[in-house]
Amino acid sequence: MSVMTTALRDSLKTLRLSGMLETLDARLTQAQKGELGHLDFLQVLCHDEITRRESVALERRLRRAKFEQQATLEGFDFNASPKLPAAQIRDLAAQRWLHSGKSVILFGPVGVGKTHVAQALGHQAIRQGANVRFAKTSRILAELAGGHADRTWDKRIRELIRPDVLILDDFAMRQLSAAQADDLYELVSERQGRSLIITSNRAPSDWYPLFPNPVVAESLLDRLINASHQVIMNGPSYRPNKRPKGPTDPTKPPVK
C-alpha cells in the first residue's frame, strides 16, 4: 500500500466516509486498469458513499417502525382470493395518499391479510424516505394511559405524532372507555395532515357505537374517514396459505 493510499484512507476515516473505504481497493484497481478516469473515479466513490448512507438510513427507519414482520407487497399473494382489490392496493403503493396527507383504512374479516398489506404499505413508504411506526391500537392506548399515570403523556403522544405514517392495527376491536376515546381524539387531531394506516375487522360505519360520547365519535371519525382511502378486503383467510404444512397422515386418503 502506497503512502498516498494510506493518507487517503486516513482522510476518508476522518471524514467518516466509510462507504468509500469499503470499495476503495476495487475502485483503485479499476482506475489502474484504465477503466476509470480521474473524474469517474471520484464520482463512483461518491456514489458508493451515497449508496451506503441510504442503506444505513433505510435499515434505521425499518428498525424504528417496529413491524411485526418485514412484509412487502412483492411478498403478498394476491391470488389467494379473487375478491381482494388488487388494483386498488397496488395503486396505494404509489404513495400518492402519503404525499397528500391522506390516510388508508383497510377493513374486512379476520385473516384476509390486512396487517400484511398495512405493513407492506409502510415498508413502501420507508423506501421513499418516510418515517413509519407500527403498533396494535390496544398497545397505543395502553401507552397513552400509562402517560396519564406517570405524567409523561405529552412526551408519549409527541412520539406518536412525529412519524410520517402511523399504523394502527386492529382498530375498533372493542368498546372504548371515555379516557381511551379522548386519547384517540387527541392523537388523530394532532396528526392532522399526517397519514394513518388503519386495519379493522369492522366497517368504519360500525365504529361510532364503540365511543361512549357521540360528539367525540362524530368529530373524530368524520374527520378520519372523510380524509381516507377505504379498502374493503374480503375473501377466505390468507393465514392458512402462510402456515407451514405438517406431515401427511398415511392413514388418511388424499384430498381430491
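Residues numbered from 1 in each chain as written. Predicted model: local features only at pLDDT ≥ 70, side-chain atom pairs only at ≥ 80, totals over all residues. Heavy atoms only, no water.

- By the naming in an unreviewed UniProt entry, the chain is ATP-binding protein in insertion sequence, taken from Streptomyces asoensis.
- Here is the UniProt Sequence similarities (unreviewed entry) comment for the chain, exactly as written: "Belongs to the IS21/IS1162 putative ATP-binding protein family." (UniProt positions renumbered as here; feature names shortened; annotations may be inferred.)

1. A look at the overall build of the chain
Point 1. Counting its regular elements, the chain contains 11 helices and five strands.
Point 2. Among the 256 residues that make up the chain, the fraction classed as buried is 43%.
Point 3. Look at the contacts in the chain between residues 6 or more apart in sequence, and 79% of them connect residues 24 or more apart.
Point 4. Element-wise, carbon and sulfur atoms account for 53% of the exposed surface of the chain, whose accessible area totals about 14900 Å². (Helix = DSSP H or I, 4+ residues; strand = E, 2+ residues; numbered from the N terminus. Buried < 20%, exposed > 50% of the residue type's maximum accessible area, 1.4 Å probe, protein only. Contact = heavy atoms within 4.5 Å. Areas by Shrake-Rupley, 256 points an atom, 1.4 Å probe, with all protein chains shown as cover.)

2. A closer look at helix α3 (residues 38–65)
Point 1. Taking 1.5 Å of rise per residue, the 28 residues of α3 would be expected to cover 40 Å, and the 41 Å separating its terminal C-alpha atoms lies within 8% of that figure.
Point 2. For α3, the full list of buried residues reads Phe41, Leu45, Asp48, Glu49, Ala57, Arg61, Leu62 and Ala65.
Point 3. Those residues of α3 hidden inside the fold are in contact with α2 (18–32), α6 (114–127) and β2 (132–136).
Point 4. Remark: lysine 66 follows α3 within two positions and exhibits a positive phi of approximately 60°. (Expected span 1.5 Å × (residues − 1).)

3. Topic: the pattern of salt bridges
Point 1. Going through the model one piece at a time under the given rule, you end up with 12 salt bridges.
Point 2. For the salt bridge of aspartate 91 with arginine 96, the shortest nitrogen-to-oxygen distance reads 2.2 Å.
Point 3. Residue aspartate 91 is classed as partly exposed on the basis of its relative accessible area, which comes to 43%.
Point 4. The salt bridge partner of arginine 194 is aspartate 164, with a shortest N-O separation of 3.7 Å. With arginine 194 in the loop between α9 (178–190) and β4 (195–200) and aspartate 164 in the loop between α8 (153–161) and β3 (165–171), this residue pair connects regions lying 30 residues apart in the sequence. (Salt bridge = Lys/Arg side-chain N within 4 Å of Asp/Glu carboxyl O.)

4. Looking at the sheet that holds β4
Point 1. Spatially, the five strands line up as an open sheet ordered β2-β3-β4-β1-β5, and their pairing is parallel. Each edge of the open sheet carries a strand with a single partner, namely β2 and β5 (228–232). In this sheet, neighbouring strand axes are inclined to one another by 15° on average, regardless of whether the strands run parallel or antiparallel.
Point 2. Pairing geometry for strand β1 (residues 103–107) and β4, over four bridges, is parallel. Following the sheet pairing, leucine 106 is matched in β4 by threonine 199.
Point 3. Contacting β1, β2, β3 and β4, α6 runs over the sheet at an angle of about 165° to β4. (Pairing = 2+ DSSP bridges. Axes fitted to C-alpha atoms, helices over the stretch in contact; angles between N-to-C directions.)

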